Amino acid sequence: MVQLSMAKAITAGLSRAMDRNDHVVTIGQDIGKLGGVFRITDGLQERFGARRVMDSPLAEAGIVGTALGMAQRGYVPVCEIQFDGFVFPAFDQIINQASRLRFRSQGQVTAPIVIRLPYGGNVGSIEHHGESPEAYFTPTPGLRIVTPSTPADAYELIQQAIDSPDPVIVLEPKRLYHSLKGEVDLDAPPSGELDRARVVRLGSEVTLIGYGPMVSTLLSAAKVLADEGHSAEVVDLRSIAPIDWATVEKSARKTGRVIVAHEAPRTSGVSAELAARIQERCFFALEAPVLRVTGLDMPYPPSRVETDYVPSVDRVLQTVDRALAY
Amino acid sequence: MTSTNAWTPRIVGDANEHPDDAAGGMPADGIETVQLLDAEGGEVRHPTYSPQLSADEVRDAYRTMFLARRIDVEGTNLQRQGQLALWAPAKGQEAAQIGAITALRPTDMVYPSYRELAMAMRRGLDPVAILQIMRGITHATWDVDALRFGLFAFVVGAQSLQATGYAMGVTLDGADEVVLVCLGDGATSEGHVSEALNFAAVFNAPVIFLVQNNQYAISVPTSAQFRGAPAARAAGFGMPGIRVDGNDLLAVHAVVAEAAARARAGGGPTLIEAMTYRIGAHTTADDPTRYRSREEEELWAGRDPLVRIERWLRDQGTPEEYFSDLSDEADELATDVRARVLTLIPDGITELYDYVLAEPSAALVEEREQVERYLASLEGR
């Protein structure tokens, strides 16, 4: 066990995957000598060479599109998209190409690529650097989308994503890159299925469901609630496409009250799918409607006011009060 | 209307002149068009390129061109009879396609667009595999690795990046393969194609961009598509750009062979602009009479790539029997293909769940069961 930041944990996971499989390559802007703008690929080019750690031209469709071609040649490319707001030029290669190559070819052509995408706000940056674009991707059949909430999880998920025969988007909560440290077992083999949610805190009165950067906010809220005499269960989805419905439903039935949190805007967000399924599947177990704590239905705001946009512990607590009042 | 002279390179300094030269079919933009056979099938001497195919090889190439055109007719007929949703004829582009594919090794990977019927047949693809796409049976399903022929691409230009990435993989492998990617004139306006050209140049990828400039992107003529010709744009990306008479089998073969040799030797990518003409409609849903003249169509009919090769082959002393046998073979193939297309029925929709993810998620398994139950409930009604 070692103490690692989430950034270092991802670097370690990438490095280990590249050690285990010499067909794993990585491509992105500034990932070579600079080590990426967040330093996630720090030292990788020195260690694995410029053939496997490729600085790309500044073109996101180019990164993902050429990665698909390399995958068709037998490589396992890991793409780095520099920031959440810059992924959209690659949208066609992800939505029309990567997600459906297996389907349209009935298994003849596959797309075992990984797209690493730093996301989320409250980092004090300028426009297009604090976005949560997951809901543009989650309705797309054929894509896997995962997001870690701890360094240990990040270390495991990046390796599992690389091992997956499906295209996987790894949403990396960038404000946790350097701020969140935790124990990581570097010898632990990546095990289990990629789309498993995890109950990260047991509770009985209300279920708080989140993913990525929201999980630590939900855990903080659960601690406050405990001090106030309320028992909250916290579920970390880890995979938002597909979603581990068994774990979600089990917790919903157990507590009867569910709150879903994410930083992305409310309308048609991942929380909408959760609310719909939970009411459909757990209707008679529910004591309250499924409530949401989300980003606001506006473009991401300037950073001086972003703390009012990103769901806070206080907003979660107020929403829990509403749920408990039913 | 057509003459040997009309196909020779020209330099035009007047920017106000209409970019299309109706007499020659070549843009009057000063870029040389490589030609080895004129419209009458007469040999043209070129200072750099010379025919690389023997008479036997040309006969073999012509055979595929001829068979593809027959299947093309069958595709259009089947659509008109309600048996296909759509057909995108390759008619007129056979020399560009067969000239290019015969210049490659069977191990070289090809990324087609969606009009490469002749090229696909040359690689051994059963044309029924293409017709079934247009019948709504499958999206694009064949053994890409065995044929070394990629899936049809319907998002214009998107395949160019994948071809480039594949070629980057060839470099990583240290293999001496090359990759050919097919584009149209319209595709060159897509951002993905510009990104692909740039990546290919930066990574020195062994990829050949074959732009079949058939003069129209559906209804939009090249004069409204771009001002900088694709062949000229290549230099800006840092690669050779060559314009070739795309209705001249021998010339297309020669320039692609040269580009392939360069790529194999580590010389990187090449863009080839093959000047041709879509004799038919864009697809059976299109109506070319709305946007181009009969005179223009007749002009290009006189430059038909099949007629040109047929004349050359006759000049070489190919016996009449060869042509009549080929005609019989084409009729038999068309009859066989038609019969098989008419029997095609799709798998059930629930079987498609097998191909969403490598292993279906629990939610997919559950949804599939729901759909199966629903479909079963309808039986017997």
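Conventions used here
Residues numbered from 1 in each chain as written. Chains lettered and ligands numbered in written order. Predicted model: local features only at pLDDT ≥ 70, side-chain atom pairs only at ≥ 80, totals over all residues. Heavy atoms only, no water. Helix = DSSP H or I, 4+ residues; strand = E, 2+ residues; numbered from the N terminus. Rg over C-alpha atoms; globule rule 2.2 N^0.38 Å. Buried < 20%, exposed > 50% of the residue type's maximum accessible area, 1.4 Å probe, protein only. Contact = heavy atoms within 4.5 Å. Areas by Shrake-Rupley, 256 points an atom, 1.4 Å probe, with all protein chains shown as cover. Lys, Arg positive; Asp, Glu negative; His and termini not counted. Charge placed at Lys NZ, Arg CZ, Asp CG, Glu CD. Buried area = accessible area lost by both parts, 1.4 Å probe. Salt bridge = Lys/Arg side-chain N within 4 Å of Asp/Glu carboxyl O. Polar contact = N/O pair within 3.5 Å; in protein donor to acceptor, adjacent residues only side chain to side chain. Pairing = 2+ DSSP bridges. Right-handed = clockwise from strand over helix to strand, strands pointing away. Expected span 1.5 Å × (residues − 1). Arc of directions from axis to C-beta. Core = buried A, V, L, I, M, F, W, Y, C linked by side-chain atoms within 4.5 Å. Axes fitted to C-alpha atoms, helices over the stretch in contact; angles between N-to-C directions. 1 Å grid on protein atoms, 1.4 Å probe; cavity = no way out; pocket = protein on both sides within 12 Å on 5 of 7 lines; lining within 4 Å. Points joined across faces, edges and corners; volume = space filled by probe spheres on them. Parallel < 35°, antiparallel > 145°, perpendicular 65-115°, else oblique. Left-handed = near helix turned anticlockwise from the far one by under 90°. Nonpolar A, V, L, I, M, F, W, Y, C, P; charged D, E, K, R; others polar. Patch = residues over 30% accessible without salt bridge, like charges linked within 9 Å, V, L, I, M, F, W, Y side chains within 5 Å.

### Considering the overall build of chain B
Link 1 in the chain: When helices and strands are counted, chain B shows 14 helices and 8 strands.
Link 2 in the chain: Taken against the 2.2 N^0.38 rule, which gives 21 Å for 381 residues, the C-alpha radius of gyration of chain B at 22 Å falls within 12% of a compact globule.
Link 3 in the chain: For chain B, buried positions account for 54% of its 381 residues.
Link 4 in the chain: Considering only contacts within chain B whose residues lie at least 6 apart along the sequence, 73% involve residues at least 24 apart.
Link 5 in the chain: Accessible surface, chain B: about 15500 Å² in total, of which carbon and sulfur atoms supply 51%.
Link 6 in the chain: One way to put it: in chain B the 32 positive side-chain charges average out to a point 3 Å from where the 56 negative ones average out.

### A closer look at the interface of chain B and chain A
Link 1 in the chain: Listed per partner, the contact involves 42 residues of chain B and 46 residues of chain A.
Link 2 in the chain: Counting each side, the surface lost to burial between chain B and chain A is near 3700 Å², with a carbon and sulfur contribution of 60%.
Link 3 in the chain: Area buried by chain B at its contact with chain A is led by B:Gln162, B:Leu172 and B:Tyr355, which between them contribute 19% of it.
Link 4 in the chain: Along the contact surface separating chain B from chain A lie 3 salt bridges.
Link 5 in the chain: Here B:Glu177 ties to A:Arg73 by a salt bridge, and the two come within 2.6 Å at their closest N and O atoms.
Link 6 in the chain: Taken together, the links from chain B to chain A amount to 20 residue pairs in polar contact (both at pLDDT 80 or more).
Link 7 in the chain: Every element with two or more residues in the side of chain B that touches chain A is listed here: helix H6 (158–173), helix H7 (191–202) and helix H14 (362–378) of chain B.
Link 8 in the chain: A total of 12 residues in the side of chain B that touches chain A trace back to one element, the largest contributor, which is H6(B).

### Points about the pattern of salt bridges
Residues and elements named next belong to chain A.
Link 1 in the chain: Within this structure, the stated rule accounts for 46 salt bridges over all chains.
Link 2 in the chain: Asp 153 is the salt-bridge partner of Arg 238, the closest N and O atoms lying 2.9 Å from each other. Here Arg 238 is found in the loop between strand S11 (232–236) and strand S12 (239–241), whereas its partner Asp 153 is found in helix H6 (residues 151–163), with 85 residues between them in sequence. As far as the burial class goes, Arg 238 and Asp 153 line up, both buried.

### Regarding the pairing of strand S7 (residues 241–245) of chain B
Residues and elements named next belong to chain B.
Link 1 in the chain: Burial runs high along S7: 4 of the 5 residues are buried.
Link 2 in the chain: As paired elements, strand S1 (residues 33–34) and S7 share 2 bridges and run parallel to each other. If you follow Val 34 over to S7, its bridge partner there is Val 244.
Link 3 in the chain: Sheet analysis places S7 next to strand S8 (residues 270–275), joined by 5 bridges and oriented parallel. Following the sheet pairing, Arg 243 is matched in S8 by Glu 273.
Link 4 in the chain: Chirality of the crossover, the property in question, places the unit of S7, helix H10 (residues 249–264) and S8 among those that are right-handed.

### Here we look at helix H10 (residues 313–324) of chain A
Residues and elements named next belong to chain A.
Link 1 in the chain: Helix length check: H10, at 12 residues, gives a terminal C-alpha distance of 16 Å against a target of 16 Å (1.5 Å per residue), a fit within 8%.
Link 2 in the chain: Taken together, the buried positions of H10 are occupied by Val 316, Leu 317, Thr 319, Val 320, Ala 323 and Leu 324. The buried residues of H10 occupy one face: seen down the axis, they fall within an arc of 165 degrees. In this structure, H10 carries Asp 314 and Gln 318 as exposed residues pointing more than 90 degrees from its buried face.
Link 3 in the chain: Residues of H10 that are buried in the fold lie against strand S10 (206–210), helix H7 (214–227), strand S13 (258–265) and strand S14 (291–295).

### Details of the nonpolar core
Link 1 in the chain: Judged by nonpolar contacts, the single largest core of 152 residues is most densely connected at A:Ile94, A:Leu274, A:Ile278, B:Trp142 and B:Phe209.
Link 2 in the chain: Ranked by residues supplied to this core, first place goes to H10(B) with 10 residues.
Link 3 in the chain: Not counting residues within four places of it along the chain, the set of residues in contact with B:Phe209 comprises B:Ser160, B:Thr164, B:Val181, B:Leu183, B:Ala196, B:Leu197, B:Ala200, B:Met239, B:Pro269, B:Thr270, B:Leu271 and B:Ile272.
Link 4 in the chain: Within the second largest apolar cluster, 28 residues are counted, among which are A:Ile40, A:Phe83, A:Val114 and A:Val168.

### Remarks on the sheet that holds strand S6 (residues 144–146) of chain A
All names here are of chain A.
Link 1 in the chain: Sheet architecture is open: 7 strands sit in the order S3-S2-S4-S5-S7-S6-S12, paired in mixed fashion. Every other strand in the sheet has two partners, leaving strand S3 (53–55) and S12 as the edge strands with one partner each. Across this sheet, the average inter-strand angle for adjacent strands is 20 degrees, counted without regard to direction.
Link 2 in the chain: Bridging between S6 and strand S7 (residues 168–173) involves 3 bridges; their strand directions are parallel. The partner of Arg 144 across the bridge, within S7, is Val 168.

### Things to note about the sheet that holds strand S3 (residues 179–184) of chain B
Residues and elements named next belong to chain B.
Link 1 in the chain: Pairing in this open sheet of 6 strands is parallel, and the strands run S1-S7-S8-S4-S3-S2 from one edge to the other. Of all the strands in the sheet, the pair left with one neighbour each is S1 and strand S2 (109–111).
Link 2 in the chain: Across the sheet, helix H2 (residues 94–101) lies against S2, S3, strand S4 (207–213) and S8, angled at about 165 degrees from S4, the strand it touches most.
Link 3 in the chain: Most of the contacts of H7 go to S4, to which it runs at about 150 degrees, and overall it touches S3, S4 and S8.

### Considering the environment of A:Ile31
Residues and elements named next belong to chain A.
Link 1 in the chain: Mapped onto the fold, Ile 31 is located in the loop between strand S2 (24–28) and helix H2 (44–48).
Link 2 in the chain: According to the relative accessible area criterion, Ile 31 is buried, its value standing at 0%.
Link 3 in the chain: Residues Ile 31 and Val 53, 22 residues apart in the sequence, show an inter-C-alpha distance of 7.2 Å.
Link 4 in the chain: Every residue in contact with Ile 31, bar those within four places of it in the chain, is listed here: Thr 26, Gly 36, Thr 41, Val 53, Met 54, Asp 55 and Glu 80.

### Re empty space enclosed by the protein
If you roll a probe as big as a water molecule over the atoms, it shows you where there is empty space left.
Residue and element names in this part refer to chain B.
Link 1 in the chain: Applying the stated criterion across every chain yields a total of 2 cavities of 30 Å³ or more.
Link 2 in the chain: Space inside the second largest cavity adds up to approximately 40 Å³.
Link 3 in the chain: Lining the second largest cavity are Trp 87, Ala 88, Tyr 114, Arg 115, Glu 116, Leu 117, Ile 130, Met 134 and Phe 152.

### Focus: the pairing of S8(B)
All names here are of chain B.
Link 1 in the chain: Most of S8 is tucked away: 6 of the 6 residues are buried.
Link 2 in the chain: Burial of the side chains of S8 extends over both faces: Thr 270, Ile 272 and Ala 274 are buried on one face and Leu 271, Glu 273 and Met 275 on the other.
Link 3 in the chain: Taken together, the 6 bridges between S4 and S8 define a ladder with parallel strand orientation. Looking at S8, one finds that Val 211 is bridged to Glu 273.

### As for the packing of helix H3 (residues 60–72) of chain A against H6(B)
Link 1 in the chain: Remark: H3(A) packs on H6(B), axes separated minimally by 6 Å, with the N-to-C direction vectors making an angle of 55 degrees. Relative to H6(B), H3(A) is oriented oblique. Like other packed secondary-structure pairs, H3(A) and H6(B) cross with a definite hand, here right-handed. Residue-level inspection shows A:Ala61, A:Gly62, A:Gly65, A:Thr66, A:Leu68, A:Gly69, A:Met70 and A:Gln72 of H3(A) in contact with H6(B), the latter providing B:Leu161, B:Gln162, B:Thr164, B:Gly165, B:Tyr166, B:Met168, B:Gly169 and B:Leu172.
Link 2 in the chain: For the contact of H3(A) with H6(B), a count of residues per class yields 7 nonpolar, 9 polar and no charged.

### Some remarks on a nonpolar patch on the surface
Link 1 in the chain: Residues B:Ile349, B:Tyr374, B:Leu375 and B:Leu378 make up a contiguous nonpolar surface patch of about 380 Å² in total accessible area.
Link 2 in the chain: Checked against the element boundaries, B:Ile349 lands in the loop between helix H13 (320–342) and H14.

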